[in-house]
Amino acid sequence: MAQHIGRVTLIVRDYDEAIAFYTQKLGFQLLEDTNLGGGKRWVVVAPAGAATGLLLAQAADEAQAAYIGNQGGGRVWLFLHTDDFWSDYNRMKAAGVRFLEEPRVEVYATVVVLEDLYGNKWDLLEPAKTV
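As a starting point, this report considers the structure included with it. (Residues numbered from 1 in each chain as written. Predicted model: local features only at pLDDT ≥ 70, side-chain atom pairs only at ≥ 80, totals over all residues. Heavy atoms only, no water.)

Attention now moves to the pairing of strand E9 (residues 121-127). E9 sits mainly inside the fold: five of its seven residues count as buried. With five bridges connecting them, strand E5 (residues 76-81) and E9 associate as parallel partners. Bridging across to E9, His81 finds its partner in Leu125. Sheet analysis places strand E8 (residues 109-115) next to E9, joined by seven bridges and oriented antiparallel. Bridging across to E9, Ala109 finds its partner in Pro127. Here E8 hands over to E9 after five residues, with Gly119 in that stretch at a positive phi of 105°. (Buried < 20%, exposed > 50% of the residue type's maximum accessible area, 1.4 Å probe, protein only. Helix = DSSP H or I, 4+ residues; strand = E, 2+ residues; numbered from the N terminus. Pairing = 2+ DSSP bridges.)

Below is the structure:
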């Protein structure tokens, strides 16, 4: 039996501002934007060719809104892998993505922490080549 994570829900303040950030600043593709009625939409974005996408879910009430920007409890909780770190880093930086540190080379990867438009922390990383 094969399994994979298909979607990860990310609570957002506004569908359109989130779509703009993920597509224009991070370079993701808009895979689906379906009106479900009652102000709800099924919105999925993902990096090109990725098997897993983000389901952008607009907060429906104050309890959900309280988690916008802090779904990882202040920790990095999303990891964007790349095969060309410097190209992606420079493109995102030019697009206005906020980086919380300078890129660094670790044993496992070249990595940098960034924030999305709400303050969720991400690692942009290129895994180290293994022999």
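Counted according to the given criterion, the structure contains eight aromatic pairs. When the centroid spacing of 6.1 Å and the interplanar angle of 65° are considered together, the rings of Phe28 and Trp122 count as edge-to-face. Of this pair, Phe28 sits in the loop between helix H1 (15-25) and strand E2 (29-37) while Trp122 is found in strand E9, placing the two residues 94 residues apart along the sequence. You'll find Phe28 and Trp122 in the same group, each marked buried. (Phe/Tyr/Trp six-rings, centres within 6.5 Å; stacked < 30°, edge-to-face > 60°.)

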